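Chain residues, written in single-letter form:
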Amino acid sequence: MSEHFRVQGGARLVGEVEVVGAKNSVLKLMAAALLAEGTTTITNCPEILDVPLMADVLRSLGCEVTLDGGVVTITTPAELNHRADSEAMGKLRASVCVLGPLVGRCKRAVVALPGGDAIGSRPLDMHQNGLRKLGAHSEIEHGCVVAEAEGLHGAQIWLDFPSVGATENILMAAVLAKGTTVLDNAAREPEIVDICVMLQEMGARIEGAGTSTLTVHGVESLRPTEHRVIGDRIVGATWAFAAVMTRGDITVRGVNPHHLDLVLEKLRMAGAEVTTFGDDGFRVVQHGRPQSVDFVTLPYPGFATDNQPFAIALSSISEGTSMITENLFEARFRFIEEMVRLSADARTDGHHAVVRGVEKLSSAPVWASDIRAGAGLVLAGLCAEGVTEVYEIFHIERGYPGFVENLRKLGATVERVGA
C-alpha cells in the first residue's frame, strides 16, 4: 500500500502555527551561494524534501553542504564544476536557478532541464534571452541548457512576462557582469526581494528590489554571508484558508502579513475576521459558512497561482458560486478532477473554473499532482463526511515541514499510512 494521509472530516481547526522559511526562496538562496568562494550560512530553512535535493545539486558542482535542522551551510570552492546534470536536477523545478550563478561565475554552464510539479509548461526562453543580452551564447542541447560567454556585460533587458525564475537567473548572472544591467518588467515577489537582500549582503549593487525595474551595477566578486530566509507566504496562506474552510480560529506566526494582503482581503470578503500583528503574523477567525468569492491568479502583488487550489477548495464549500481564473499555469486545473471525486460541483472552460458551493463534501481517495494541490486536498478532506485518503503525499512534503504534526496540533484527525 502506497503512503498516504487519512483525513477525518469534520474538524474545526483552532490554535497557533509557526511558519518557517519560504520554499520558493531558500532554494534560490542556496544557488546564490555559488557566486562567492567561501562558506555561506542560510538560516530559518524549511526542513522539506527539496532542500536536500538542492544540496545534492550543489555538491555535484563541487560544494560542501551541511544540513543541520533549519541551518544550511554551503562551502563553495574557488573552482566550480559547471555541469549541473545530476539525477537531483530532474526532481525539482528550482534546480534551473543554478544557471545564472554558473554563467556569472564560471562563464559557462550545462544545466539539465528541471523537473518538479506537473502544473504546466515552463519554457526557459526568457532565461536564455536574458543571458544572451548579457553576452552569453545559449542553446538547448541533449536535454540541457548550455550557456557560454567569454565575458558578461551589462545590458538593457525587457521581460515579456514578469517571470520569477527568469528574473532570478538574469539577476544572479548580472551581479558579476561588467557595467550596468537594467531589467524591466521584473518579478516583484517577496522572494525576489529576499534574494536581492542576500546578494547585497554579499556585496552586490542592486537597486529597485520589489519594483518592476531592477538596476544591477556589476562588481568584480562577491563574498560569502549569513542570511535568514523570509517566512513562507504560501504556507501562511494555506493555514489562513484552513481556518476559513473549517470555520476555525488560527493564529499564524513567522510570516509577514503584508506579503498576503490580497489573500487576507479575499478571506475577509468570504466572512473571516482577520487581525494582523505587525510584520510577524496574523489571526483568521471564521464563525459561519463562508461566502463565495471570485479569484484571478496574477503575478505578485496579484493572487498567487500557488494559492489557486485553496481558492477552489474554499469555493467548493462556500455559499454561492465562484469563478476562478488561472492566468499562469494551464495544468493547475487538474486539481478540479480530484475535487469532483470529493463531490465538488465544479467545471472548467479554458482558463476559467466555475465552482458552486455545497454544504459538505463527501470523502473519497484522491491523488495530489503537485505540492499545493496535495495540501488543498487535505483541507478539502477536513470538510468532507467520512475519511478521505490523499495519495502521492511526497508532493506535500516537498513544501510543508511537519504538515501532519501541525494539523494535529490544531485539532485535525490526520494520520500517515503505509511505508
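Model, not experiment: these values are computed from the prediction. (Residues numbered from 1 in each chain as written. Predicted model: local features only at pLDDT ≥ 70, side-chain atom pairs only at ≥ 80, totals over all residues. Heavy atoms only, no water.)

1. Looking at the overall build of the protein
Then comes step 1: In terms of regular secondary structure, the protein is built from 13 helices and 26 strands.
Then comes step 2: Taking 2.2 N^0.38 as the reference for a compact globule, 419 residues should give roughly 22 Å; the C-alpha atoms of the protein span a radius of gyration of 21 Å, in line with that estimate.
Then comes step 3: Taken along the three principal axes of its C-alpha coordinates, the protein extends 65 × 45 × 40 Å.
Then comes step 4: Considering only residue pairs separated by 6 or more positions, the protein has 72% of its internal contacts joining residues 24 or more positions apart.
Then comes step 5: Only carbon and sulfur atoms are counted for the fraction: they give 47% of the accessible area of the protein, which is about 15600 Å².
Then comes step 6: Taken as two groups, the 37 positive and 52 negative side-chain charges of the protein have centres that lie 2 Å from each other. (Helix = DSSP H or I, 4+ residues; strand = E, 2+ residues; numbered from the N terminus. Rg over C-alpha atoms; globule rule 2.2 N^0.38 Å. Contact = heavy atoms within 4.5 Å. Areas by Shrake-Rupley, 256 points an atom, 1.4 Å probe, with all protein chains shown as cover. Lys, Arg positive; Asp, Glu negative; His and termini not counted. Charge placed at Lys NZ, Arg CZ, Asp CG, Glu CD.)

2. Re the packing of aromatic side chains
Then comes step 1: Scanning the model with the defined rule gives seven aromatic pairs in all.
Then comes step 2: Aromatic pair F241 and F295: ring centres 6.3 Å apart, planes at 45 degrees, arrangement tilted. Placement of F241 in helix α7 (residues 233-245) and of F295 in strand β18 (residues 295-296) is noted, with a sequence separation of 54 residues between them.
Then comes step 3: A relative accessible area of 0% means that F241 is categorised as buried.
Then comes step 4: The exposure class of F295 is buried, given its relative accessible area of 2%.
Then comes step 5: Relative to F303, the ring of F241 has its centre 6.5 Å away and its plane inclined at 75 degrees; by these criteria the two rings are edge-to-face. (Phe/Tyr/Trp six-rings, centres within 6.5 Å; stacked < 30°, edge-to-face > 60°. Buried < 20%, exposed > 50% of the residue type's maximum accessible area, 1.4 Å probe, protein only.)

3. What about the pairing of strand β1 (residues 4-8)?
Then comes step 1: For β1 and strand β26 (residues 414-417), the ladder comprises four bridges, and the chain directions are antiparallel. By the bridge assignment, H4 is partnered in β26 with V417.
Then comes step 2: With five bridges connecting them, β1 and strand β25 (residues 387-391) associate as antiparallel partners. In the strand pairing of β25, R6 is matched with E389. (Pairing = 2+ DSSP bridges.)

4. Description of the pattern of salt bridges
Then comes step 1: Applying the stated criterion to the full structure yields 15 salt bridges.
Then comes step 2: Of the charged contacts, one joins R59 and D56 as a salt bridge, the two residues approaching to 2.9 Å between their closest N and O atoms. Note that R59 and D56 are positioned in helix α2 (residues 50-60) at a spacing of three residues, about one turn of the helix.
Then comes step 3: Exposure remark for R59: the relative accessible area of 37% places this residue in the partly exposed category.
Then comes step 4: Look at D56 and you get partly exposed, because its relative accessible area is 37%. (Salt bridge = Lys/Arg side-chain N within 4 Å of Asp/Glu carboxyl O.)

5. With respect to the nonpolar core
Then comes step 1: Within the largest apolar cluster, 78 residues are counted, with the highest numbers of intra-cluster contacts made by M30, V98, L199 and L222.
Then comes step 2: A11, V255, I312 and L382 belong to the second largest nonpolar core, which has 71 residues in total. (Core = buried A, V, L, I, M, F, W, Y, C linked by side-chain atoms within 4.5 Å.)

6. Notes on the layout of surface pockets
Then comes step 1: When its volume is computed, the second largest pocket comes out at roughly 230 Å³.
Then comes step 2: Looking at the lining of the second largest pocket residue by residue, the classes come out as five nonpolar, five polar and four charged. (1 Å grid on protein atoms, 1.4 Å probe; cavity = no way out; pocket = protein on both sides within 12 Å on 5 of 7 lines; lining within 4 Å. Points joined across faces, edges and corners; volume = space filled by probe spheres on them. Nonpolar A, V, L, I, M, F, W, Y, C, P; charged D, E, K, R; others polar.)

7. Digging into the side chain of T167
Then comes step 1: With respect to the helices and strands, T167 occurs in helix α5 (residues 164-174).
Then comes step 2: With relative accessibility at 0%, the residue T167 sits in the buried group.

8. Side note on helix α6 (residues 190-201)
Then comes step 1: The end-to-end C-alpha distance of α6 is 17 Å, a good match for the 16 Å that twelve residues give at a rise of 1.5 Å each.
Then comes step 2: Turning to α6, its buried residues number three or more, namely P190, E191, I192, D194, I195, C196, M198 and L199.
Then comes step 3: Looking one or two residues beyond α6, the residue adopting positive phi is G203, at roughly 110 degrees. (Expected span 1.5 Å × (residues − 1).)

9. Re the side chain of T325
Then comes step 1: Relative to the elements of secondary structure, T325 occurs in strand β19 (residues 321-325).
Then comes step 2: Judged by relative accessible area, T325 falls into the buried class, the value being 7%.
Then comes step 3: A distance of 3.0 Å separates a polar atom in the side chain of T325 from a polar atom in the side chain of H352. (Polar contact = N/O pair within 3.5 Å; in protein donor to acceptor, adjacent residues only side chain to side chain.)

10. With respect to the UniProt feature "binding site: UDP-N-acetyl-alpha-D-glucosamine" (unreviewed entry) in the protein
Then comes step 1: Within this structure's numbering, the places UniProt gives as "binding site: UDP-N-acetyl-alpha-D-glucosamine" (unreviewed entry) are R93, D306 and L328.
Then comes step 2: Here D306 lies in the loop between β18 and α9 (308-316).
Then comes step 3: What D306 contacts, discounting residues up to four positions off in sequence, is N24, I234, R332 and R372.
Then comes step 4: Looking at D306, its side chain comes within polar contact range of the side chain of N24, at 3.3 Å. (UniProt positions renumbered as here; feature names shortened; annotations may be inferred.)

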